[in-house]
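One-letter residues, chain by chain:
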Amino acid sequence: MIPVQTKKRAKPNPCLPSWHVACLLAFAAMILPSEAIAVEANREALGEPPVNFDDHVSAILKRHCWQCHGDAKQEAGLNLASYVDIAGNDDLVVAGRSSSSRLLEIIVAEDPAERMPPENDPLPKEQVALIRAWIDSGLRQNAGSKVEKKQGVAFTPTSMTDFDDTPPAMPEALSPLKPARTLRAFPVIAMAASPRAPLLAVGSYERVEFVNTQSQETVGAVAFPEGEPHVLRFSRSGRLLMVAGGRPVQNGVAVLFDVKTGKRLAKMGDEADVIMAADLSPDERRVAIGGSGRMIKVFSTETGELLYRLVKHTDWVTAVAFSPDGKYLATADRVGNIHLWDAESGGVIRPLAEHKASVTALEWRSDSRVLASSGEDGLIVWWDVAKGWPLYTKAKAHQPMRPSGFYGEIPNGVLDLRFGPSGELVSCGRDQKVRVWSSDANIVSVFTVPNDSEHNNIKNLPLQSVLTFNGATAITGDSAGRLHSHVIKTK
């Protein structure tokens with residue numbers, strides 16, 4: 001059982017720009033990073049000074065941006081006349097990584113309503129190239145300045161076969177971590193079970209707890225000062241834990257931790273809003289993230305570089321999942337769309353159309369042949385990926401009982417689902433039930449999450465459910481921050 005922690009949440013910073021990164025890319029107007037590098041090389045060959053803020057970038061921003069974002073007027077709290085304000089703002093520019101810098105994204109946005117400066121023609125390609133070269137070459141202030149250190153990561157992926165003969169990873173002597181205090185119990189909105197060990201990761205405010213599923217004791221924790229963990233995923237080897245989240249309308253990141261030591265290994269993303277969907281590829285080389293920006297970004301864990309973007313969703317991205325064989329990437333959104341992509345190239349394969357409301361979870365069976373999806377429409381769908389059609393469909397999978405005297409539609413959404421090691425599936429929903437389904441979509445077990453008797457019998461919702469690595473136990477986290485463990489009886 002995890003302790004209840006409370007802490008007053010920080011209010012959103014009204015000075016931060018509220019631009020969303022969806023629809024901020026204009027592929028026709030963008031130049032490749034290699035072209036930006038070529039700009040710098042050509043200048044050096046001609047004996048010209050390197051691209052820097054004082055000599056090159058400042059003049060571009062003065063002409064196009066200072067009217068709204070200068071010393072006299074600073075809309076959204078942004079001053080583009082100040083080198084210190086720009087270079088010191090990690091939400092705006094990232095040294096050495098123009099592909100992850102929002103300044104460039106808003107300049108080249110395809111949608112005129114999103115592009116800066118507003119109600120004007122796009123900046124000339126030559127000026128965009130200079131800004132890109134300035135970022136990629138290290139954010140020099142002037143010709144004699146030293147470049148800002150390029151942000152990178154020190155991380156080496158493990159082959160999918162390298163862990164076969166190694167002992168499963170468990171936390172070892174992690175440093176004590178003082179719980180944060182919040183005004184009320186923090187709900188379990190993120191949870192993951194190790195695929196190889198009796199270990200559970202449970203998200204809490206600014207931290208992630210590790211729980212031994214056999215002893216039910218907390219065996220360590222890692223800090224996540226970026227805010228709320230919204231997604232937790234163990235790697236297939238069990239040695240890594242991905243934590244993705246942040247603070248709404250402030251920031252979003254994805255971080256990789258070493259399970260044994262609790263050490264941070266890599267950090268991807270620099271988002272303007274919390275990450276709501278994320279996954280780690282089975283070869284540990286890529287992380288995919290999504291959220292309110294309506295696009296998916298795929299990063300390299302080895303370099304931190306953005307590999308590609310997927311722009312097809314029309315609403316918030318709610319779920320992202322790599323197939324266990326690494327071939328596919330499935331993504332879903334708040335209006336029920338599901339898209340299947342080639343995980344290597346980012347090419348679209350096909351839509352999967354069945355849900356009529358927000359998709360709450362995507363989960364792959366271990367053989368990569370079946371994808372399960374759940375939604376607020378009450379549906380659970382087992383998809384035959386090769387054909388693109390439902391293999392099984394369960395409507396009203398978590399339909400609550402109608403209270404006496406109640407008329408109208410009763411919400412029957414499915415809130416989460418996960419596959420077990422033998423193709424069994426666990427789901428939870430708004431009926432306060434946890435259901436375990438067989439591989440052929442028949443109900444095996446049903447459990448009920450009790451109400452919160454400590455707070456006037458308030459209704460608790462099961463928000464996350466997982467199966468342990470051996471499939472013997474279903475563990476559920478609820479809206480009151482509590483864990484519930486249920487042994488699954490097999491026939």
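Data block above holds the structure.
Residues numbered from 1 in each chain as written. Predicted model: local features only at pLDDT ≥ 70, side-chain atom pairs only at ≥ 80, totals over all residues. Heavy atoms only, no water.

What to know about the pairing of strand S10 (residues 286-291)
Side-chain direction in a regular strand flips from residue to residue, so the side chains alternate between the two faces of the sheet.
Working step 1: Counting buried residues along S10, six of its six residues qualify, which places the element largely inside the surrounding structure.
Working step 2: Residues of S10 alternate between two faces, with Arg286, Ala288 and Gly290 on one and Val287, Ile289 and Gly291 on the opposite face, all of them buried.
Working step 3: Where strand S9 (residues 275-280) lies against S10, five bridges are found, and the strand directions are antiparallel. Considered in S10, the bridge of isoleucine 275 is made with glycine 291.
Working step 4: The antiparallel pairing of S9 with S10 creates a hairpin that spans five residues between the two strands, and glutamate 284 there sits at a positive phi of about 70°.
Working step 5: In sequence, S10 turns back onto strand S11 (residues 296-300) through a hairpin of four residues, with arginine 294 there showing a positive phi of about 65°. (Buried < 20%, exposed > 50% of the residue type's maximum accessible area, 1.4 Å probe, protein only. Helix = DSSP H or I, 4+ residues; strand = E, 2+ residues; numbered from the N terminus. Pairing = 2+ DSSP bridges.)

What about the layout of surface pockets?
Vacant regions in the atomic arrangement are exposed by a probe of water-molecule size rolled over the atoms.
Working step 1: Of the voids in this model, the largest pocket is the one considered here, and its volume is about 840 Å³.
Working step 2: Of all elements in the fold, only strand S1 (191-193), strand S5 (228-234), S9, strand S13 (317-322), strand S17 (359-364), strand S21 (414-419) and strand S25 (462-467) reach the threshold of two or more residues within the lining of the largest pocket.
Working step 3: Its residues placed into classes, the lining of the largest pocket shows 18 nonpolar, seven polar and seven charged.
Working step 4: In this model, the second largest pocket occupies a volume close to 690 Å³.
Working step 5: Considering the residues around the second largest pocket, the lining is formed by 28 residues, among which Met276, Thr318, Thr360, Leu415 and Gln464 are closest to the centre.
Working step 6: Only S5, S9, S13, S17, S21 and S25 provide two or more residues apiece to the lining of the second largest pocket.
Working step 7: Its residues placed into classes, the lining of the second largest pocket shows 17 nonpolar, five polar and six charged. (1 Å grid on protein atoms, 1.4 Å probe; cavity = no way out; pocket = protein on both sides within 12 Å on 5 of 7 lines; lining within 4 Å. Points joined across faces, edges and corners; volume = space filled by probe spheres on them. Nonpolar A, V, L, I, M, F, W, Y, C, P; charged D, E, K, R; others polar.)

Points about the sheet that holds strand S18 (residues 370-375)
Working step 1: The four strands lie next to each other as S17-S18-S19-S20, forming an open sheet whose pairing is antiparallel. Because the sheet does not close on itself, it has two edges, and the strands there are S17 and strand S20 (389-394). Pairwise comparison of adjacent strand axes, ignoring direction, gives a mean angle of 20° for this sheet. (Axes fitted to C-alpha atoms, helices over the stretch in contact; angles between N-to-C directions.)

Describing the packing of aromatic side chains
Working step 1: According to the stated counting rule, one finds six aromatic pairs in the structure shown.
Working step 2: Between tryptophan 382 and tyrosine 392, the aromatic rings sit 6.1 Å apart at their centres with planes inclined by 85°, giving edge-to-face as the arrangement. One end of the pair, tryptophan 382, is in strand S19 (residues 380-384); the other, tyrosine 392, is in strand S20, and ten residues separate them in sequence.
Working step 3: One aromatic cluster is present, built from ring pairs that chain together Phe53, Tyr83 and Trp134.
Working step 4: In this structure, arginine 334 packs its charged tip against the face of tryptophan 316, placed 3.9 Å from the ring centre. (Phe/Tyr/Trp six-rings, centres within 6.5 Å; stacked < 30°, edge-to-face > 60°. Lys NZ or Arg CZ within 6 Å of the ring centre and 35° of its normal.)

Things to note about the sheet that holds S1
Working step 1: The antiparallel open sheet is built from four strands, whose spatial order is S1-S2-S3-S4. Of all the strands in the sheet, the pair left with one neighbour each is S1 and strand S4 (218-223). Across the sheet, the mean angle separating the axes of adjacent strands is 20° when strand polarity is ignored.

Let's talk about the side chain of threonine 476
Working step 1: Here threonine 476 lies in strand S26 (residues 473-478).
Working step 2: Polar side-chain contacts of threonine 476 include one of 2.9 Å to the side chain of serine 465.
Working step 3: The contacts of threonine 476, once residues within four sequence positions are left out, are Met191, Val434, Val449, Pro462, Gln464, Ser465, Arg482, Leu483 and His484. (Polar contact = N/O pair within 3.5 Å; in protein donor to acceptor, adjacent residues only side chain to side chain. Contact = heavy atoms within 4.5 Å.)

Topic: helix H6 (residues 125-136)
Working step 1: Along its twelve residues, H6 runs 16 Å from first to last C-alpha, staying within 8% of the 16 Å computed at 1.5 Å per residue.
Working step 2: Burial within H6 is extensive, with nine of its twelve residues counted as buried.
Working step 3: Three or more residues of H6 are buried, namely Gln127, Val128, Ala129, Leu130, Ile131, Arg132, Ala133, Trp134 and Ile135.
Working step 4: Phi for glycine 138, located one or two positions after H6, is positive at around 115°. (Expected span 1.5 Å × (residues − 1).)

Remarks on the side chain of histidine 355
Working step 1: One can find histidine 355 in the loop between strand S16 (348-351) and S17.
Working step 2: With a relative accessible area of 5%, histidine 355 lands in the buried category.
Working step 3: A distance of 2.7 Å separates the side chain of histidine 355 from the side chain of serine 373, its partner in a polar contact.

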